[in-house]
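# Breakdown of the fold
Residues per chain, in single letters:
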Amino acid sequence: MILEISNLKKTYGSRTVVNINELQINEGETIGLVGNNGAGKTTLFRMLLDLIRPDEGQIISKGENVAASDQWKNYTASYLDEGFLIDYLTSEEYFFFIGSLHNLSEAHVLDYLKSYEEFFNGEILGKGKYIRDFSKGNQNKIGIAAALMQNPELLVLDEPFANLDPTTQIRLKSLIKLLKTGDKMTTLISSHDLNHVTDVCDRIILLEKGLIIKDFQTNENTLKELEAYFSV
Ligand SMILES: Nc1ncnc2c1ncn2[C@@H]1O[C@H](COP(=O)(O)OP(=O)(O)OP(=O)(O)O)[C@@H](O)[C@H]1O
């Protein structure tokens, strides 16, 4: 088991926005986190990455509490939003910086980026452009590619399909499926796109007002069930 969440609570004012009694995630699972605006998806991810602290309970990653140990940082990569980027760097400078944190040489990083040529669609590299000047979708691509460069065991992506053009959405799905079979990566993806999330994930967790309402393995009926749930 890679993640064990117990009695996790986060409250803002009088509102409990995450309230998870128990949740366990196994190695190699691809989990889709769905739920309407404000359900608590991003708050859960932020606690998972120790960007904010829970009021109660804990998140244990490979046996260590993420709020008490840095061990999880060695095998976890994430992209939640453009706050993860450094907007005064060019895309290459950013990739080199992230690479250097993981002891990857610039040559290694450039080599890695070659495999992203299709994903980048000629818009990311060699432009001499600062990250702040890229479109939101292209910023997403930079963040996702930088997260994957770390070859993580655990990948956390917040709404990765948002702002991506349809071609890149499909390419991202293929990429996630490939990494799942090849490297047995565990992936947590939040998404409002029920189609994509059921296509790429083998388990869906449905959050509503911070509570887990459903937690089930994906099968051929999942998309219909989710659409029925959200169409009320
Ligand atoms: N720093 C904060 N202060 C006060 N309330 C907050 C704070 N951060 C989040 N919230 C509230 O917590 C609730 C959950 O927000 P969260 O961003 O986790 O939802 P979400 O499921 O990711 O939503 P979306 O689909 O819109 O991204 C919302 O009601 C939000 O307003």
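Residues numbered from 1 in each chain as written. Predicted model: local features only at pLDDT ≥ 70, side-chain atom pairs only at ≥ 80, totals over all residues.

### Things to note about the overall build of the chain
To be explicit about the condition: For helices the rule is a DSSP run of H or I covering at least 4 residues; for strands it is a run of E covering at least 2, with both sets numbered from the N terminus onward. Restricting the calculation to C-alpha atoms gives the radius of gyration, and the globule rule supplies 2.2 Å times the number of residues raised to the power 0.38. We call two residues in contact if the C-beta atoms placed from their backbones are at most 7 Å apart.
Secondary structure assignment for the chain yields 8 helices and 10 strands. Here the C-alpha radius of gyration of the chain, 18 Å, is about what a compact globule of 232 residues would show, namely 17 Å. With the C-alpha coordinates aligned to their principal axes, the bounding extent of the chain is approximately 45 × 40 × 35 Å. For the chain, restricting intrachain contacts to residue pairs at least 6 apart in sequence, the fraction spanning at least 24 positions comes to 67%.

### Description of the packing of helix α2 (residues 91–101) against helix α3 (residues 106–114)
Filter applied, for reference: Axis definition: a line fit to C-alpha positions, over the contact stretch in the case of helices; interaxial angles, taken between N-to-C directions, run 0 to 180 degrees. Convention used here: angles under 35 degrees read as roughly parallel, angles over 145 as roughly antiparallel, angles from 65 to 115 as roughly perpendicular, and any remaining angle as oblique. Throughout, a crossing is termed right-handed when the near helix is turned clockwise from the far one, and left-handed when it is turned anticlockwise from it by less than a right angle. When residue character is reported, Ala, Val, Leu, Ile, Met, Phe, Trp, Tyr, Cys and Pro are called nonpolar, Asp, Glu, Lys and Arg charged, and the others, Gly included, polar.
In the contact formed by α2 and α3, the axes pass within 9 Å of each other and the chain directions differ by 120°. Comparing their axes, α3 and α2 come out oblique. With respect to the hand of their crossing, α2 and α3 are arranged in right-handed fashion. Residues Phe95, Phe96 and Gly99 of α2 lie in contact with α3, whose contacting residues are Glu106, His108, Val109 and Leu113. When its residues are assigned to classes, the contact of α2 with α3 shows 4 nonpolar, 2 polar and 1 charged.

### Structural notes on the nonpolar core
In plain terms, the rule: In plain words, the nonpolar core is the set of buried Ala, Val, Leu, Ile, Met, Phe, Trp, Tyr and Cys residues that C-beta atoms within 7 Å link up. Exposure is read from a count of other C-beta atoms within 10 Å of each residue's own; the residue is exposed at 12 or fewer, buried at 20 or more and partly exposed in between. C-beta atoms are placed from the backbone. For the domains described, the bounds stem from an automatic or database domain assignment.
Counting 56 residues, the largest nonpolar core has Ile142 and Ala146 as its most contacted members. Per-element accounting of this core gives the leading share, 7 residues, to helix α5 (residues 136–149). When residues of this core are assigned to domains, at least three map to each of domain 1 (1–75 + 154–232) and domain 2 (87–151). For alanine 146, the residues in contact, after removing those within four places along its chain, are Tyr94, Phe95 and Ile98.

### Let's talk about the UniProt feature "domain: ABC transporter" (unreviewed entry) in the chain
How we decide: UniProt positions are given in the numbering used here, feature names are shortened, and annotations may be inferred rather than shown by experiment.
In this numbering, the UniProt entry assigns the feature "domain: ABC transporter" (unreviewed entry) to residues 3–231. From the first C-alpha to the last, residues 3–231 spans 31 Å; its make-up is 35% helix and 27% strand.

### Describing the site of the ligand
For the record, the criterion: Think of it this way: take the backbone, place a C-beta atom on it, and check whether that atom is within 6 Å of the molecule or strand, in which case the residue is near it.
Neighbouring the ligand are the residues Tyr12, Val17, Gly35, Asn37, Gly38, Ala39, Gly40, Lys41, Thr42 and Thr43. Here the shell around the ligand takes 3 residues from helix α1 (residues 41–48), the largest share from any one element. Here the shell around the ligand is built from residues that sort into 3 nonpolar, 6 polar and 1 charged.

### Topic: the domain arrangement of the chain
Entries for the chain in the domain assignment read domain 1 (1–75 + 154–232) and domain 2 (87–151). Centre-to-centre, using C-alpha coordinates, domain 1 lies 24 Å away from domain 2. Counting residues at the interface gives 10 residues for domain 1 and 9 residues for domain 2. When contributions to the side of domain 1 that touches domain 2 are tallied by element, the ones reaching two or more residues are β7 (154–158) and α6 (166–183). For the side of domain 1 that touches domain 2, the element with the most residues is α6, which contributes 4 residues. By residue class, the composition of the side of domain 1 that touches domain 2 is 6 nonpolar, 2 polar and 2 charged.

### Here's the deal with the pairing of strand β10 (residues 211–217)
Threshold: DSSP calls a pair of strands paired once it identifies at least 2 bridges connecting them.
The pairing of strand β9 (residues 203–208) with β10 spans 6 bridges and is classified as antiparallel. Note on β10: the bridge partner recorded for isoleucine 204 is phenylalanine 216. Remark: 2 residues form the turn of the hairpin made by β9 and β10, two consecutive strands paired antiparallel; lysine 209 in that turn has positive phi of roughly 45°.

### Regarding α2
This is how the line gets drawn: Working note: the arc is built from the helix axis to C-beta atom directions.
All of the buried residues in α2 are Ser91, Tyr94, Phe95, Ile98 and Gly99. Taken around the axis of α2, the buried residues stretch over an arc of 135°, which confines them to a single face. Next to the buried residues of α2 lie α3 and α5. Asparagine 103 lies just past α2 and shows a positive phi near 60°.

### Observations concerning the sheet that holds β10
Within a sheet, each strand pairs with its neighbour through backbone hydrogen bonds, oriented either parallel or antiparallel. Judged by pairing direction, the sheet is mixed, and its 6 strands sit side by side in the order β6-β7-β8-β3-β9-β10 without closing on themselves. Among the strands making up the open sheet, the edge pair consists of β6 (76–79) and β10. Neighbour to neighbour, the strand axes of the sheet diverge by 15° on average, direction disregarded. Each of β3 (30–34), β7, β8 (186–190) and β9 is contacted by α1, which is oriented at about 145° to β7, the strand it contacts most.

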